[in-house]
Amino acid sequence: MSAGSGFDLKIRDGNNEKNTTLPTAPQNFVTPGTIITREPGFMRGHGTYVFKDGSLVASVCGTVERVNKLVTVKGVGGVYNGEVGDVVVGRIVKVMQKRWKVDINAPLEGVLLLSSINLPSGELRRRSAEDELAMREILKEGDMISAEIQSVYNDGTLALHTRSVKYGKLGPGTLIKVPASLIKRRKAHIHNLPIGISVILGNNGYIWISPLANGRMPGTNMEQDETDGQKPVLEEIKITGTDRFAVARIKNCVAALSKAWLPIYDTSLMYSYDCSMKYECKELLKPEALKEIGELVREQMSTEGYMA
Amino acid sequence: MAEILLSEVEKYYLVMGQDVRVDGRSRSDYRQGDIDLNAVTNSHGSIRARLGETDVIVATKVDLGTPDPDRPDRGTIKFLVDCSPTASPDFEGRGGDELAEKICRILSIAYDKSGTIDLKNLCITPKKYCYVIDVDILVLQCGGNLIDVISMAVKLCLGICELPRVTGLRYDLGQGVPVFSTDEFEFDYLDVKNSPVVVTLPRVGRYFVVDASLEEESCSKGKLAFGVTPDGCVTSIDKLGRGCYQVKSIQAATAMASTVGANVNNTINMRIDSLRELKLRADPKPLSMPMDI
């Protein structure tokens, strides 16, 4: 056993840290308070407000987008604000009467109603009092779920549902958190990568990496009449060393993309995975390796015409 | 310490990892770290150390004091830990005090062992005057393995601590009070070569792991903290948290800590030499020293 191998404390030298290449800001970039237009007749969208003299002012940092008469500012950073249809990864934090409270990295905890999940037995029926008392057997505090946003309440609380086979309680795997703005809205968020690992890119910035298909715990969200009444057993799930290294590598690649402030989706993730193969998995933790992978992916994406 | 909520499946995935951890490290690998010199300008030496997500600042101040009556020929080193609420919500209000006291105790015991640091060098006049070194530790972020990072930063900080030389005595009512030199180049370094570094080994599943992350600590049943010198000698053992161990496990952990700790400690010794050189090359900052007039 190579004891304490790789232990290194670098002495930081302020001069070496100057950023040599900074990406240039896009043309329509605004900061809060920037006057977008003084002309009347424009409708204000997200990220803007009307000042008392009638001009349209930006309220967040981001790029100005205009669709006919509607002007919005698409924010660059900031907190996650969910929209209907978003796929999110969340952690159950409270079990309440007929609902669960879920931490989804939003200003308010998300709500998962008992009526918004598929019952473990797969039946379609009204939820009874017994179901309410047995809620902890389905999902308890700490459990990870993948879900879709069903609706947004008046106060901004997000209502979730897992009424589809691809959502539900997650099986063995690991979570990594990135800024929510790096996850772009795309058609699919649950990817089963060709390397045998599944990745769920939650719009809320929570990413679940798992060796299981769709990241899910088998046997916990069956379509009706598919279950054979067996409860899924955690101990019977076998995970090989190769799987673990693949999960770890993807986790480190996500960290590299996040550090380089690059959008994270299946293509950029696979690019970074390929670039990372020259390093051993644990070498990816080094800041030089992270930086290099970030630069390589940025180059590759700009030549292929993707947004960098 | 700061515990986070984890699901059963995450714990299962983590604990059954054998030698492949969640980020690809093996059980005896450390995360990446770096050191910043001169984080605090009005001290006799300061270090900011980061390992993974854990971030601490250590600063030393040297003062004139009276030796402990039980040890009249030695100086003293006092440790004070402040767990800032920014490090973890658990540390809000007085929440961090228990942990802070625990860490102080571990450091004091580790440094108390003779041979680690010669406190006799800190004595000026036996029974009357000695150097008192106050080591202040501020925890900025708790990302797992806090005690180890603190011990490394403390050793680095003591290694670059500048002890002002005594240039003479000032006579006050017949008593001779030592006067420190005001020349910023007249100082001595402490010999910290044999000072210990703490290696905390939490037990995750059936194995001990080095440099645990917050998630791994939340899955562990108890930890063993070892103070280890550069030649692999274990100066102290502390058990933290709940958990019981078989004698064989403790022996295995001691052996692991000894090898890992020796490696870490030797690296720290090399860094101290580099830092001392760096200080020589950089513009020396004026130090504010106690002036008793």
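Just so it is clear, the structure is predicted and the values come from calculations on it, not from any experiment.

1. Observations regarding the confidence of the model for chain B
Residues and elements named next belong to chain B.
Step number 1: Put simply, chain B has an average pLDDT of 87, and 95% of its residues get 70 or more.
Step number 2: Within the model, the stretch residues 286–293 combines pLDDT values under 50 with 17 contacts to residues more than four positions away or in other chains.
Step number 3: Quick note on the complex model: pTM equals 0.86, ipTM equals 0.84.

2. What to know about the nonpolar core
Step number 1: Residues Ile47(B) and Val154(B) are the most contacted members of the largest nonpolar core, which totals 69 residues.
Step number 2: Broken down by element, this core gets its largest block of residues, ten residues, from helix α3 (residues 146–159) of chain B.
Step number 3: Apart from residues no more than four positions distant in its own chain, Val154(B) is found in contact with Val58(B), Phe79(B), Leu107(B), Tyr111(B), Val135(B) and Ile137(B).
Step number 4: Core analysis: the next-biggest nonpolar cluster, separate from the first, contains 57 residues, Leu175(A), Ile207(A), Tyr271(A) and Val22(B) among them.

3. Remarks on the pattern of salt bridges
Opposite charge on two side chains lets them pair, provided their charged atoms get close.
Step number 1: According to the stated counting rule, one finds 31 salt bridges over all chains in the structure shown.
Step number 2: A salt bridge links Asp211(B) to Arg31(B); the shortest N-O distance between them is 2.9 Å. Note that Asp211(B) is positioned in the loop between β12 (207–208) and α4 (214–218) and Arg31(B) in the loop between α1 (8–15) and β1 (33–37), a separation of 180 residues in sequence.
Step number 3: Taken together, the salt bridges that share partners define one network made up of Arg12(A), Asp34(B), Asp36(B), Arg48(B), Arg50(B) and Asp55(B).

4. Considerations on the sheet that holds strand β11 (residues 197–204) of chain B
All names here are of chain B.
Step number 1: Read from one edge of the open sheet, four strands run β12-β11-β13-β14, paired in antiparallel fashion. Two strands close off the open sheet at either side, each with one partner strand: β12 and β14 (234–240).
Step number 2: As defined by bridge partners, β11 adjoins β12 across two bridges and the pair is classed as antiparallel. Bridge pairing in β12 places Val204 opposite Tyr207.
Step number 3: Each of β11 and β14 is contacted by α3, which is oriented at about 170° to β11, the strand it contacts most.

5. A few points about the interface of chain B and chain A
Step number 1: Counting from both sides, the interface comprises 40 residues of chain B and, opposite them, 43 residues of chain A.
Step number 2: When the buried area of chain B at its contact with chain A is split by residue, Tyr12(B), Tyr13(B) and Gln32(B) rank highest and sum to 21% of it.
Step number 3: At the junction of chain B with chain A, the criterion picks out five salt bridges.
Step number 4: Arg12(A) is the partner of Asp36(B) in a salt bridge, and the nearest nitrogen-oxygen pair spans 3.4 Å.
Step number 5: Counting the contacts that link chain B with chain A gives 15 residue pairs in polar contact (both at pLDDT 80 or more).
Step number 6: Residues that form the side of chain B that touches chain A fall into these classes: 19 nonpolar, eleven polar and ten charged.

6. Concerning the sheet that holds strand β17 (residues 198–201) of chain A
Residues and elements named next belong to chain A.
Step number 1: Here four strands make up an open sheet; going across it, the order is β15-β18-β17-β16 and the pairing antiparallel. Both edges of this open sheet fall to β15 (174–177) and β16 (190–192), since each of them pairs with a single strand only. Taken over all neighbouring pairs, the strand axes of this sheet differ in orientation by 20° on average, direction set aside.
Step number 2: Pairing between β16 and β17: three bridges, direction antiparallel. Note that in β17 the partner of His191 across the bridge is Val199.
Step number 3: Here helix α3 (residues 241–259) sits on the sheet in contact with β15, β17 and β18 (206–210), set at roughly 5° to β15.

7. Here's the deal with helix α4 (residues 266–276) of chain A
Residues and elements named next belong to chain A.
Step number 1: Judged by how many residues are buried, α4 sits mostly within the fold: eight of eleven residues are covered.
Step number 2: Inspection of α4 places Ser268, Leu269, Met270, Tyr271, Ser272, Tyr273, Cys275 and Ser276 among the buried residues, and these make up the whole buried set.
Step number 3: The secondary structure elements touched by the buried residues of α4 are β17, α3 and α5 (287–303).

8. A word on the packing of aromatic side chains
Step number 1: Summed over the entire model, instances satisfying the criterion amount to five aromatic pairs over all chains.
Step number 2: Look at Tyr131(B) and Phe180(B): their rings are 5.5 Å apart centre to centre, the planes differ by 0°, and that puts the pair in the stacked class. Taken together, the positions of Tyr131(B) in strand β6 (residues 129–141) and Phe180(B) in strand β9 (residues 175–180) put the pair 49 residues apart, joining distant regions of the chain.
Step number 3: Directly above the ring of Phe42(A) sits Lys69(A), whose terminal nitrogen or CZ lies 5.7 Å from the centroid.
Step number 4: Positioned above the aromatic ring of Tyr207(B) is the side chain of Arg27(B), whose terminal nitrogen or guanidinium carbon lies 3.9 Å from the ring centre.

9. Focus on a nonpolar patch on the surface
All names here are of chain A.
Step number 1: There is a patch of nonpolar side chains on the surface, built from Phe29, Val76 and Trp261 and spanning about 270 Å² of accessible area.
Step number 2: Tracing the backbone shows Val76 in the loop between β8 (70–75) and β9 (87–96).
Step number 3: Given a relative accessible area of 38%, Val76 falls into the partly exposed group.

10. Re the environment of Ile117(A)
All names here are of chain A.
Step number 1: With respect to the helices, strands and loops of the structure, Ile117 is situated in the loop between β11 (110–113) and α1 (129–133).
Step number 2: Taking C-alpha positions, Ile117 is 37 Å from Ser59, a pair spaced 58 residues apart along the chain.
Step number 3: Dropping the residues within four chain positions of it, Ile117 is found in contact with Trp100, Leu112, Arg127, Ile138, Thr162 and Arg163.

11. Concerning the packing of α3(B) against helix α5 (residues 247–281) of chain B
Residue and element names in this part refer to chain B.
Step number 1: Contact geometry for α3 and α5: axes closest at 9 Å, N-to-C directions at 35°. In this structure, α3 crosses over α5, and the sense of that crossing is right-handed. Counting all contacts with α3, which are made through Met152, Lys155, Leu156 and Gly159, the residues of α5 involved are Val264, Asn265, Ile268, Asn269, Arg271, Ile272, Leu275 and Arg276.
Step number 2: Residue composition of the contact of α3 with α5, grouped by class: six nonpolar, three polar and three charged.

12. Side note on the confidence of the model for chain A
Step number 1: Chain-level pLDDT for chain A is 85 on average; 90% of the residues reach the 70-or-more range.
Step number 2: Per-residue pLDDT, averaged within each element of chain A, yields its smallest value for α1(A) (81) and its largest for strand β13 (residues 158–161) of chain A (96).

13. A word on unusual backbone geometry
Residues and elements named next belong to chain A.
Step number 1: Phi at Asn214 takes a positive value of approximately 60°, unusual for a residue other than glycine.
Step number 2: Along the chain, Asn214 turns up in the loop between β18 and α3.
Step number 3: In this structure, Trp261 is a non-glycine residue whose phi angle is positive, near 55°.
Step number 4: In this fold, Trp261 is placed in the loop between α3 and α4.

How each quantity is defined
- Here the residue numbers are simple positions, counted from 1 along each chain's written sequence.
- Labels are handed out in written order, letters beginning with A for the chains and numbers beginning with 1 for the ligands.
- Where local features are concerned, this predicted model is filtered to residues with pLDDT of at least 70; where side-chain atom pairs are given and counted, the filter is 80 or more; whole-chain, interface and lining totals use all residues.
- Excluded from the side-chain calculations are hydrogens and water; all other atoms, namely the structure's heavy atoms, are used.
- Residue-level confidence of the predictor is what pLDDT reports, using numbers from 0 through 100.
- Contacts are assigned to residue pairs with any non-hydrogen atoms lying within 4.5 Å of each other.
- In this text, buried Ala, Val, Leu, Ile, Met, Phe, Trp, Tyr and Cys residues form a nonpolar core when linked through side-chain atoms within 4.5 Å.
- A 1.4 Å probe rolled over the protein chains alone gives each residue an accessible area, and that area as a share of the maximum for its type sets the label: buried under 20%, exposed over 50%, partly exposed in between.
- For the purposes of this entry, the term helix denotes a DSSP run of H or I that reaches at least four residues, the term strand denotes a run of E that reaches at least two, and both are numbered from the N terminus.
- Salt bridge, as applied in this entry: a Lys or Arg side-chain nitrogen positioned within 4 Å of an Asp or Glu carboxyl oxygen.
- Following DSSP output, two strands are said to pair if at least two bridges run between them.
- Convention adopted: a line fitted to C-alpha atoms gives each axis, helices being fitted over their contacting stretch, and angles between N-to-C directions are expressed from 0 to 180 degrees.
- What gets called buried area is simply the loss in accessible area from a 1.4 Å probe that two parts show on being joined, summed for both.
- Throughout this description, a polar contact denotes any pair of N or O atoms lying within 3.5 Å of each other; where both atoms belong to protein, one of them has to be capable of donating a hydrogen while the other can accept it, and for residues adjacent in sequence the pair is counted only when both atoms sit in side chains.
- Note that Gly is not counted as nonpolar here; it falls among the polar residues with everything else outside the nonpolar set of Ala, Val, Leu, Ile, Met, Phe, Trp, Tyr, Cys and Pro and the charged set of Asp, Glu, Lys and Arg.
- Pairing of aromatic side chains requires ring centres within 6.5 Å, counting the rings of Phe and Tyr and the six-membered ring of Trp. Pairs whose planes differ by under 30 degrees are stacked, by over 60 edge-to-face, and all others tilted.
- Put simply, a charge is over a ring when the Lys NZ or the Arg CZ is close to the ring centre, within 6 Å, and near the line of the ring normal, within 35 degrees.
- Surface patches are defined over residues having more than 30% relative accessible area and no salt bridge, joining like charges when they lie within 9 Å and nonpolar side chains (Val, Leu, Ile, Met, Phe, Trp, Tyr) when within 5 Å.
- Computed by Shrake-Rupley with a 1.4 Å probe, the accessible areas treat only the displayed protein chains as cover when residues are assessed.
- Each crossing is labelled by how the near helix is turned from the far one, with a counterclockwise turn of less than a right angle marking it left-handed and a clockwise turn marking it right-handed.

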